[in-house]
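Fold and geometry: a report
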Amino acid sequence: MAARLWRAPLFAMKIATWNVNSIKVRRDNVVRWLREAEPDVACLQELKCTDEAFPHVAFEDLGYNVAVHGQKTYNGVAILSKFPMEDVRPGLPGDAEDDQARYLEAVISRDGGVVRVASIYLPNGNPADSPKYDYKLDWMARLKAHAEQLLSYEEPLVLAGDYNVIPAEEDVHDPDAWRDDALFLPETRGAFRAILNLGFTDAWRASSDEPHRYTFWDYQGGAWQKNHGIRIDHLLLSPQAADRLMACNIDKAPRSWQKPSDHVPIWAELAF
DNA sequence: ATGTCAGAATGGTTCTGA
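Read on for an overview of the structure. (Residues numbered from 1 in each chain as written. Chains lettered and ligands numbered in written order. Predicted model: local features only at pLDDT ≥ 70, side-chain atom pairs only at ≥ 80, totals over all residues. Heavy atoms only, no water.)

The next subject is the overall build of chain A. In terms of helices and strands, chain A carries 6 helices and 14 strands. A compact globule built from 272 residues should have a C-alpha radius of gyration of about 19 Å, and chain A, at 18 Å, falls within 12% of that. Each of the three principal axes of chain A carries a C-alpha extent, and together these read 60 × 45 × 40 Å. Counting all 272 residues of chain A, 54% fall into the buried class. Pairs at least 24 apart in sequence give 69% of the contacts found in chain A among residues at least 6 apart. Accessible surface for chain A amounts to roughly 12300 Å². Of this, 48% is attributable to carbon and sulfur atoms. Between the averaged position of the 30 positive side-chain charges in chain A and that of its 41 negative side-chain charges there is a distance of 5 Å. (Helix = DSSP H or I, 4+ residues; strand = E, 2+ residues; numbered from the N terminus. Rg over C-alpha atoms; globule rule 2.2 N^0.38 Å. Buried < 20%, exposed > 50% of the residue type's maximum accessible area, 1.4 Å probe, protein only. Contact = heavy atoms within 4.5 Å. Areas by Shrake-Rupley, 256 points an atom, 1.4 Å probe, with all protein chains shown as cover. Lys, Arg positive; Asp, Glu negative; His and termini not counted. Charge placed at Lys NZ, Arg CZ, Asp CG, Glu CD.)

Written out as C-alpha cells, the structure reads:
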C-alpha cells in the first residue's frame, strides 16, 4: 500500500479581481458583491480616485483590510483582504518616470498559508498606432521582468487584474471585429504568452474548456444584451499557487445590476 | 451618432480615456 500523500485542505483562500470603473460610483455594487461572494481577497482596478477619496470605511465595515494606490481621474488600484497584509508595494518597478497608478502588491498572511497578490491594471494601448501602444508593450515587458523576479521566491503568487489582453480567438465574440485592436494584436498576445511562459497558469483556462466566457462587455451598442464580450481579466498563478487551485469562476451577474461596471469579477479558490 | 459611461474643467457643454 502506497503511503497516503494527500491530506484534506485546512482552508481555502478565495481571491478575486474586478475592474470597477470608478469606486465612487460603484461602491454600493462592490459592497453588495462582497457580501454575496465573500472573497478573502479582492483586487480592484480603475478606482479613478486618490487614496484620500477612497471609501475605506465601507469595506472596513465588512471586515476587510484596505491597501490603495490611487490617482486622480484615471487608473488607481486597491487590494481588500480579510487577513493582514505585509510588504505592501505600490508601483511596477522598471521606470522611475512612470507615474500611472496601475500596480499594487501585498503579501497576505494567514495561519498556515501565505500568498502574494498583485492588483494589475495593464494599459489599454488604443489606438495601436499611437504612443499609447508603445507604453502598453513597455509596461508588459516591465511586468514580465518583475514577474520573473517574484517567481524566484517560489511561493504561492497570484497576479490578478485587468490585463487588457484577449488571449485567444475563443475569448472574443467576433475575432475579426477586434483584429486591429490593441487588446488582440499578435504582438499583444505574444507579450502575454511570454509572461505565461515564465511558468504561470491562467486560472480560468486551467479550470474550464468552455469557450466564449467573458469578463467585459462594452457599454456601447447593446454589447451586454447581445453577449458581445471579451475575456480580458485574468488570474495568473505561480506553480505553487496553481498546485493549490480548486476552483475558478466568472460572476457575470453584477453586469446586469443598476449602474454596472463594464467588467465583472473573476475569482479563484486556492487550498491550503 | 460607437444607440455609453465617468471625471474634470468649465460655466450648463466639451473634452479625454476607455
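Residues Met13, Ile108, Val115, Val158, Leu235 and Leu270 are the most contacted members of the largest nonpolar core, which totals 34 residues. In this structure, Ile108 is in contact with Met13, Val41, Ser81, Phe83, Pro84, Met85, Gly113, Val114, Val115 and Val117, ignoring residues within four places of it in sequence. If you look at the next biggest cluster of nonpolar residues, it comprises 24 residues, including Tyr133, Leu157, Val165 and Phe192. (Core = buried A, V, L, I, M, F, W, Y, C linked by side-chain atoms within 4.5 Å.)

Every one of the 15 residues lining DNA strand B counts as a neighbour, but Ser22, Thr73, Tyr219, Gln220 and Lys259 are closest to it. Expressed as a percentage, the sugar and phosphate content of the atoms of DNA strand B within 4 Å of the protein is 74%. In this structure, Lys259 approaches DNA strand B through a side-chain N or O atom, which is 2.8 Å from a phosphate oxygen. Of the residues contributing to the surface near DNA strand B, the split by class is 4 nonpolar, 5 polar and 6 charged. (Near = heavy atom within 4 Å. Polar contact = N/O pair within 3.5 Å; in protein donor to acceptor, adjacent residues only side chain to side chain. Nonpolar A, V, L, I, M, F, W, Y, C, P; charged D, E, K, R; others polar.)

Turning to helix H4 (residues 186–196), its buried residues are Thr188, Arg189, Phe192, Ile195 and Leu196. Taken down its axis, H4 places every buried residue within 115° of arc, on the same side. Turned more than 90 degrees away from the buried face of H4, the exposed residues are Pro186 and Glu187. (Arc of directions from axis to C-beta.)

We now examine the pattern of salt bridges. Tallying each qualifying case throughout the model produces 16 salt bridges. Residue Glu46 pairs with Lys48 through a salt bridge whose shortest N-O separation is 4.0 Å. Taking the shortest distance from any N to any O, the salt bridge between Asp202 and Arg231 comes out at 3.1 Å. Of the two residues, Asp202 sits in strand S9 (residues 201–202) while Arg231 sits in the loop between strand S11 (229–230) and strand S12 (233–237), which places them 29 residues apart along the sequence. Here Arg231 falls in the buried class, since its relative accessible area comes to 1%. Within the structure, one salt-bridge network assembled from shared partners comprises Asp87, Arg89, Glu105, Arg116 and Glu155. (Salt bridge = Lys/Arg side-chain N within 4 Å of Asp/Glu carboxyl O.)

The next subject is the environment of Trp18. You can see Trp18 is positioned in strand S1 (residues 12–19). You can call Trp18 buried: its relative accessible area is 1%. Remark: the alpha-carbon pair of Trp18 and His234, spanning 216 residues in sequence, is separated by 9.7 Å. In contact with Trp18, not counting residues within four places along its chain, are Asn29, Val30, Trp33, Cys43, Leu44, Gln45, Pro254, Ser261, His263, Val264 and Pro265.

One open sheet accounts for 6 strands, arranged S5-S6-S7-S8-S12-S9; its pairing is mixed. The outermost strands of the open sheet, each flanked by one partner alone, are strand S5 (85–90) and S9. Both S5 and strand S6 (residues 103–110) contribute to a ladder of 4 bridges, which runs antiparallel. Bridged to Glu86 within S6 is Val107. Relative to S6, helix H3 (residues 131–151) is tilted by about 20°, and along the sheet it contacts S5, S6, strand S7 (113–121) and strand S8 (157–162). The strands that H4 touches are S9 and S12; relative to S12, the one it contacts most, it runs at about 30°. (Pairing = 2+ DSSP bridges. Axes fitted to C-alpha atoms, helices over the stretch in contact; angles between N-to-C directions.)

Turning our attention to the layout of surface pockets. In this structure, the largest pocket spans a volume of roughly 550 Å³. Together, 28 residues line the largest pocket, and Glu46, Tyr121, Asn124, Gly125 and Asn164 are the ones closest to its centre. Considering only residue class, the lining of the largest pocket consists of 10 nonpolar, 11 polar and 7 charged. (1 Å grid on protein atoms, 1.4 Å probe; cavity = no way out; pocket = protein on both sides within 12 Å on 5 of 7 lines; lining within 4 Å. Points joined across faces, edges and corners; volume = space filled by probe spheres on them.)

Our focus in this paragraph is the side chain of Gln45. Along the chain, Gln45 turns up in strand S2 (residues 41–45). Separated by 2.9 Å, the side chains of Gln45 and Thr17 make a polar contact.

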